[in-house]
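Letter by letter, the chains look like this.
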Amino acid sequence: MEIALQELIDKIKSDGVGAGEKEAAARIEDANASAEKIIADAKAEAARLLAEARDENDRMVRASEDAIRQAGRNQLISFRDSVTKELDAVIGEAVAESYSKETLLALIPKVVEEWVKNPDTDDIEVLLGSDDLSAIEGNLTAVLKEKISAGITLRADDSVESGFRIAAKGGSAYYDYSAEAVADLLSRYLNPRVAALMKEASKA
């Protein structure tokens, strides 16, 4: 009887210990699986954050490079515009200064001669600023005596600051030899060349 009781006690202990060991092993396995998942999730999150940081860094680098390029372009455009403005001023001043009394007296008769070669040009006017006309009217009238008697007139026009215009009476057609028109013509020729030089300089 005592032997049977001892066997029963041993069996209960054995079963209890075995069940406990199995449960402990299961819990350890679950804990290991949970730990592995936490580690894997942490690595994935770290990789995601690193990728985002790299993308943000690349974006900031590109933005900085674009800003530097734009600043360079703006500086170049500003410099080009400044050069163009200065060039326009120099051209305008040089052309205006070139229209001296002697130049006008030499140039106007030649232009008139060419104009009147066209048989359809009757009654033309030579337009000058008031000051220029006052300064050269006597001499110009003497030089153009025959032409004036044939219908050419000299007239003051203060919209012509320097230089002159030759026009059909009524203004239906005219050639503009004013300092402003000639300077504009020269500027339109030179400004693209300035722009081209700036473009070449930006590549150097």
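Structure: above.
Report on the accompanying structure.

Cut-offs used in this document
- Residues numbered from 1 in each chain as written.
- Predicted model: local features only at pLDDT ≥ 70, side-chain atom pairs only at ≥ 80, totals over all residues.
- Heavy atoms only, no water.
- Core = buried A, V, L, I, M, F, W, Y, C linked by side-chain atoms within 4.5 Å.
- Buried < 20%, exposed > 50% of the residue type's maximum accessible area, 1.4 Å probe, protein only.
- Helix = DSSP H or I, 4+ residues; strand = E, 2+ residues; numbered from the N terminus.
- Contact = heavy atoms within 4.5 Å.
- Polar contact = N/O pair within 3.5 Å; in protein donor to acceptor, adjacent residues only side chain to side chain.
- Pairing = 2+ DSSP bridges.
- Axes fitted to C-alpha atoms, helices over the stretch in contact; angles between N-to-C directions.

1. Let's talk about the nonpolar core
- Ranked by size, the top nonpolar core spans 22 residues in total, and within it I108, V126, L128, L140, F164 and I166 carry the most contacts.
- Breaking this core down by element, the ones donating at least two residues are α1 (2-98), α2 (101-115), β1 (124-128), α3 (130-143), β3 (163-168) and α5 (179-203).
- Of all the elements, α2 adds the most residues to this core, at six residues.
- Apart from the residues within four sequence positions on either side, I108 is in contact with V126, L128, I136, L140, L144 and F164.

2. Some points on the side chain of S178
- Turning to its location among the elements, S178 is positioned in strand β4 (residues 174-178).
- Overall, S178 belongs to the buried group, its relative accessible area being 4%.
- There is a polar contact of 2.7 Å between the side chain of S178 and the side chain of D176.
- S178 has contacts with Y99, V160, S162, G163, F164 and R165, leaving out every residue within four places of it along the chain.

3. Examining the sheet that holds β3
- Read from one edge of the open sheet, four strands run β2-β1-β3-β4, paired in mixed fashion. One side of each edge strand has no neighbouring strand; the edge strands of this open sheet are β2 (153-156) and β4. Here the strands of the sheet are splayed against their neighbours by 20 degrees on average, with no regard to which way each runs.
- Note that β3 and β4 share five bridges and pair antiparallel. For F164, the partnering residue across the bridge sits in β4 and is Y177.
- Contacts between α2 and the sheet are confined to β1, β3 and β4, with β3 contributing the most and set at about 20 degrees to the helix.
- Of the strands in this sheet, β1, β2 and β3 touch α3, which is tilted by about 160 degrees from β2.

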